[in-house]
Amino acid sequence: MEVLEENEEVEQTADDLNSLNISDSLQDEETKVPEEEDSVSSDVPGFDWSSIDTSNLPPSYKTNSRQEKKLLHIADHFLQQYTHVCPDRKPLFLHPVNECGVEKFVSTTLRPTLLPYPELYHWSGCASFVSNYLTMEPLKCPITLPSSLYSPTTILKYQRGNCFDFTVLLCSLLIGAGYDAYCVHGYATQEICALDQTQDLCPLLKKPQEVPMMKKSRKYRVKILAEPQSKFELQQKAKKKEEAEDVQKKEEEEEVVTEVQEKTKRDPLHGLRVHAWVLVLSGKRKVPETFFINPFTGNSHSTTDECFLGIESIWNHRNYWVNMQDCRKGCKDLSFDLSDAIRWEIMLPESNKQLTEPSERDMDDMKENEERDMSFEMPLSWVARINVSCREFENQYSQGKKVISYKQAKLEKWAPYVNGDGLVERLTIYGDSDCTEAVEVTEWFKNREDMLDMRETNKQTQLTTDYFKPGHPLLLKAHTYTSLEPETGHTMEFYHKARADDLRKRVESTTEMTEYFVGRDDFLHIRHVEFGERENGMGMAGTRPDLHLRPIVQIKECFHRNPEKPADEDVEERIFMIEDDSIQLTYHLEDHDTIASKVAFFRAIQRDRKGEEIFLTRDTCVKYQPWSSEKHKNVLHLYKLLWELRKDQKELKHQVRESEAEVLNVLKVREDEEANIKLTVSMYNAAKREGQHEAMALQKRQKSSQSSLLSENKNWEEDEFRAHHAATNSSMVRLKRHSRYRE
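None of the values given here were measured: they were computed from a predicted structure. (Residues numbered from 1 in each chain as written. Predicted model: local features only at pLDDT ≥ 70, side-chain atom pairs only at ≥ 80, totals over all residues. Heavy atoms only, no water.)

So, the overall build of the protein chain: which residues are in play, and what are the values?
Helix and strand counts for the protein chain stand at 14 helices and 25 strands. Counting every position in the protein chain, which comprises 743 residues, the buried fraction comes to 37%. Of all intrachain contacts in the protein chain linking residues separated by at least 6 positions in sequence, the fraction that spans at least 24 positions is 56%. Of the accessible surface of the protein chain, which amounts to about 47300 Å², a share of 50% is contributed by carbon and sulfur atoms. (Helix = DSSP H or I, 4+ residues; strand = E, 2+ residues; numbered from the N terminus. Buried < 20%, exposed > 50% of the residue type's maximum accessible area, 1.4 Å probe, protein only. Contact = heavy atoms within 4.5 Å. Areas by Shrake-Rupley, 256 points an atom, 1.4 Å probe, with all protein chains shown as cover.)

Any chance you could break down the pattern of salt bridges for me, citing the residues and the numbers?
Enumeration over the complete set of coordinates arrives at 34 salt bridges. A salt bridge links Asp-501 to Arg-499; its shortest N-O distance comes to 2.9 Å. Between Arg-646 and Asp-581 there is a salt bridge, with its nearest N and O atoms 2.7 Å apart. Separated by 65 residues along the polypeptide, Arg-646 in helix 13 (residues 635-675) and Asp-581 in the loop between strand 22 (571-577) and strand 23 (582-587) bring together distant segments of the chain. For the pair shown, Arg-646 and Asp-581 are each scored as buried. (Salt bridge = Lys/Arg side-chain N within 4 Å of Asp/Glu carboxyl O.)

Tell me what's going on with unusual backbone geometry, and back it up with residues and numbers.
Within the chain, Leu-195 stands out as a residue other than glycine whose phi angle is a positive 55°. For Leu-195, the location among the structural elements is in the loop between helix 8 (190-193) and helix 9 (231-266). Judged by its relative accessible area of 29%, Leu-195 falls in the partly exposed class. A positive phi is found at Phe-523, a non-glycine position, where the angle reads about 65°. Relative to the helices and strands, Phe-523 resides in the loop between strand 19 (512-517) and strand 20 (524-531). The exposure class of Phe-523 is partly exposed, given its relative accessible area of 27%.

Any chance you could break down the environment of Leu-205 for me, citing the residues and the numbers?
If you trace the backbone, Leu-205 turns up in the loop between helix 8 and helix 9. Those residues in contact with Leu-205 that lie beyond four places of it in its chain are Ala-409, Leu-427 and Ile-429.

Lay out the sheet that holds strand 6 (residues 299-302) with the relevant residues and their values.
Strand order across the open sheet formed by seven strands is 6-5-4-3-7-8-9, with antiparallel pairing between neighbours. Looking at which strands have only one partner, the edges of the open sheet turn out to be strand 6 and strand 9 (344-346). Each adjacent strand pair in this sheet contributes to an overall mean axis angle of 35°, direction not counted. Pairing analysis gives four bridges linking strand 5 (residues 291-294) to strand 6, with the strands arranged antiparallel. Bridge assignment links Ile-293 to a residue of strand 6, and that residue is Ser-300. Where helix 7 (residues 163-176) meets the sheet, its contacts fall on strand 3 (181-188), strand 4 (274-280), strand 5 and strand 7 (308-315), and the angle it forms with strand 4 comes to roughly 10°. (Pairing = 2+ DSSP bridges. Axes fitted to C-alpha atoms, helices over the stretch in contact; angles between N-to-C directions.)

Which residues make up the packing of helix 5 (residues 123-133) against helix 7, and what values do they have?
Relative to each other, helix 5 and helix 7 sit at 150°, their axes nearing to 10 Å. If you check the angle between helix 5 and helix 7, you find them roughly antiparallel. Seen along the crossing, helix 5 lies across helix 7 with a hand that is right-handed. In this structure, helix 5 contributes Trp-123, Cys-126, Ala-127, Phe-129, Val-130 and Ser-131 to the contact, and helix 7 contributes Phe-166, Leu-169, Leu-170, Leu-173 and Leu-174. The residue makeup of the contact of helix 5 with helix 7, split by class, is 10 nonpolar, one polar and no charged. (Parallel < 35°, antiparallel > 145°, perpendicular 65-115°, else oblique. Left-handed = near helix turned anticlockwise from the far one by under 90°. Nonpolar A, V, L, I, M, F, W, Y, C, P; charged D, E, K, R; others polar.)

A description of the pairing of strand 23 should follow, citing residues and the corresponding values.
Most of strand 23 sits inside the fold, with five of its six residues counted as buried. In terms of strand pairing, strand 22 meets strand 23 through six bridges, oriented antiparallel. Counted as the bridge partner of Arg-574 is Leu-585 from strand 23. Across five bridges, the pairing between strand 23 and strand 24 (residues 598-602) is antiparallel. Residue pairing in the sheet places Ile-583 in a bridge with Phe-601 of strand 24.

With reference to specific residues and values, describe the side chain of Arg-448.
Mapped onto the elements of the fold, Arg-448 is located in the loop between strand 13 (438-445) and strand 14 (452-458). At 2.9 Å, the side chain of Arg-448 and the backbone oxygen of Asp-421 are in polar contact. In contact with Arg-448, not counting residues within four places along its chain, are Asp-421, Glu-674, Ile-677, Lys-678 and Leu-679. (Polar contact = N/O pair within 3.5 Å; in protein donor to acceptor, adjacent residues only side chain to side chain.)

Just give me the short version of helix 7, but keep the residues and values in it.
Since one α-helical turn is 3.6 residues long, residues separated by three or four positions face the same way. Its 14 residues place the ends of helix 7 20 Å apart at the C-alpha level, agreeing with the 20 Å of an ideal helix rising 1.5 Å per residue. Capping the start of helix 7 is the job of one residue whose side-chain oxygen sits 3.1 Å from the backbone nitrogen of Phe-164: Asn-162. (Expected span 1.5 Å × (residues − 1).)

Explain the environment of Thr-465 residue by residue, including any values.
Locating Thr-465 in the fold gives a position in strand 15 (residues 463-468). Residue class for Thr-465 comes out buried when judged on its relative accessible area of 11%. For the pair Thr-465 and Arg-455, spaced 10 residues apart in the sequence, the C-alpha separation amounts to 5.6 Å. Dropping the residues within four chain positions of it, Thr-465 is found in contact with Met-454, Arg-455, Glu-456, His-479 and Thr-480. One polar contact links Thr-465 to Thr-480, side chain to side chain, over a distance of 3.1 Å.

Can you lay out the pairing of strand 12 (residues 423-430) for me, pointing to particular residues and giving the numbers?
Of all eight residues that make up strand 12, seven are buried, and the element is covered over most of its length. Direction of pairing for strand 12 relative to strand 13: antiparallel, over a ladder of seven bridges. Bridge pairing in strand 13 links Tyr-430 to Ala-438.

Any details on the packing of aromatic side chains? Residues and values, ideally.
Given two aromatic rings, one states the distance between the centres and the angle between the planes to describe the pair. Counted according to the given criterion, the structure contains 18 aromatic pairs. Pairing Trp-315 with Tyr-320 gives two aromatic rings, centres 5.9 Å apart and planes at 10°, and the pair type is stacked. Given a relative accessible area of 1%, Trp-315 falls into the buried group. Ring-pair connections join several aromatic residues into one group, and the members of that group are Phe-93, Phe-105, Phe-164, Trp-315 and Tyr-320. Positioned over the ring face of Phe-531 is Arg-550, at 4.0 Å from the centre of the ring. (Phe/Tyr/Trp six-rings, centres within 6.5 Å; stacked < 30°, edge-to-face > 60°. Lys NZ or Arg CZ within 6 Å of the ring centre and 35° of its normal.)

Describe helix 3 (residues 66-85), naming the residues involved and giving the relevant values.
The terminal C-alpha atoms of helix 3 lie 29 Å apart, and with 20 residues this matches the ideal 28 Å at 1.5 Å per residue to within 8%. Of all the positions in helix 3, only Glu-68, Leu-71, Leu-72, Ala-75, Phe-78, Gln-81, Tyr-82 and Thr-83 are classed as buried.

I'd love a proper account of the environment of Leu-170, names of residues and values included.
Within the secondary structure layout, Leu-170 lies in helix 7. What makes Leu-170 buried here is its relative accessible area of 0%. Spatially, the C-alpha atom of Leu-170 lies 9.6 Å from that of Pro-112, the residues being 58 residues apart in sequence. With sequence-adjacent residues up to four places away left out, Leu-170 is seen in contact with Cys-126, Ala-127, Val-130, Val-278, Ile-293 and Pro-295.

Quick one: what's the story with a negative patch on the surface, residue by residue and with numbers?
On the surface, a cluster of negative charge is made up of Glu-251, Glu-252, Glu-253, Glu-254 and Glu-255. Looking at the element boundaries, Glu-255 is found in helix 9. (Patch = residues over 30% accessible without salt bridge, like charges linked within 9 Å, V, L, I, M, F, W, Y side chains within 5 Å. Lys, Arg positive; Asp, Glu negative; His and termini not counted. Charge placed at Lys NZ, Arg CZ, Asp CG, Glu CD.)

Could you give me a rundown of the confidence of the model for the protein chain, with the residues and numbers involved?
Confidence in the prediction for the protein chain averages 81 pLDDT; 73% of positions are at 70 or higher. Under a pLDDT of 50 for its full length, residues 351-358 has, in the predicted model, three contacts with residues more than four places off or in other chains. (pLDDT = per-residue confidence, 0-100.)

How would you summarise the nonpolar core if you had to cite specific residues and measurements?
Judged by nonpolar contacts, the single largest core of 64 residues is most densely connected at Phe-105 and Leu-174. Looking at this core element by element, the count peaks at 10 residues for helix 7. Not counting chain neighbours up to four residues away, the residues in contact with Phe-105 comprise Leu-71, Leu-72, Ala-75, Leu-94, His-95, Tyr-320, Met-347, Met-378 and Trp-382. Core analysis: the next-biggest nonpolar cluster, separate from the first, contains 34 residues, Phe-517, Val-529, Phe-531 and Val-571 among them. (Core = buried A, V, L, I, M, F, W, Y, C linked by side-chain atoms within 4.5 Å.)

In structure tokens:
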């Protein structure tokens, strides 16, 4: 931008002011059109910014230094040139007043700060903190810039602000964390400006993008020759494809035009609503791609997102840039190369240091042009140091709770330790657009002593699933149930690596129980048990663990292949029919086999001459072993196998009863944990631990006072008893003496 003569600037000042007044009057007329803007601010509780106390603020808030005054003069001069070159554009956001009524340049309002919290070292943690900690206030006029911009310290103190306040605070944290971040003044849709997410899908419900698996290229593969094709036919196909693409492009352009027209019909101020957000450029902190951050939600957006309609200017703590590119198609075609002087007009020209040493002739020229080449450095920030205490960082919600409404969903957030059960987040999914019929509820917990992390509840089936972190005393990983009563249907998952039996999952119902194992030495992976009905008058298993047990009908076990054994000796499946007193074995198959070997034992009650039972006869053993050796056809081998199976059957019955007892124990423990919920406090949380110690000390005092009262009562009762006993003894002695005297 060329520097104009002072006379030209004086002549153009009146015209520029008139043009600004005309644009302001047009904006005032446009604000009269929509009457629904008041509905946005009605949801936000009223707050009078004029009543805040500014007496204790530092002097830098109330006065301007010499450098700041010079910067304001440069900004005014830059604005005059800008309005002369671009008279049709809106005014720039350069030096609004602060909370003390003093004009401050927007770049000096940024205070880069790195807070001592690991979550705030990443951009997502900074964005979520700002969006959770502050309460959104809409702009007084949706199409005009705010007249003031308060310091981030004041915004943090009162925990509220508009989009510019959100952006300045977030950008200060991002720059302090090492990001190449900028504040953006531009235009956005009504949903973005008003924080209306009722038409957006909840981020927790979005499925992560699947990363395509790269196929391994085979080095030595046979190349298949392609079929010969006609070049003329290929050219005709390419022409038809180009014509179809041209038609599709025209249709897409028409659709875009119709969408814009529909948006303007729905929102009369479409494209005029002022908004501020954060721009993060790629490069620093290994950011691969430039992106936007909406400070109201803390979500990241692509620079081609249609929600952002245009950019007027951007700034950081060092400089200020004006966008000179066309934004009629939004921000998708914008270039963010700030070194390009054609697309971005910089306010404070940066000095270009020469890499080579200048010659003697150039030294004279440099001395003559030293005043012209001297660049003005941005003054330091006038804002005091940004501090956030541990308690403020933990309790990020100004009203103790935050509710976000999405499309057929509602998300509720709480700070830790606000709820007695450790609840910090709840997502409710509805089946209708009016959000009246709840379908599914997901809750997240923190600091639970029972290590409960998440709970999913299906409101239609009343099925609840609890998920636990590692560290539960019963090694629970997940528990699915409809009720904590026994034999009502339970699915329990365990951390199998911490268990001695490598049990991963147990599914239990009234008539069945299935257990799944992982990594066992005996290659067992499934055990299925079927129960029979109890006799009349027998209660449930939960009443007495030792009595009224369900009768076991069948036990079925499945094994993985053991490569150290031959297939005809490696059992794949064995079934113990308890009531029929029979055993069935099925062996694994070799690669070339088609039919598995099987052995079945049936117990027929027969007795020999001595009266002892006969376990193995031709009638009690049926076998089909087409691939087995002669050893397995031996009767003695089958007899030993039968004895081993009888022992295994007894052990299996005992293990099934232990599994039933473990299920009852888990249900009892979970019921006690839900009845007496306890929260843990980190050893690094000094404030919470002090409160916990005070509560424990108070409980000890109460217990000691109660015990002292009880001891005093006991001593008083003992003294009374001793006095009464002495009185009765003395009366008895007197009676005896009196009787002797009479005799």
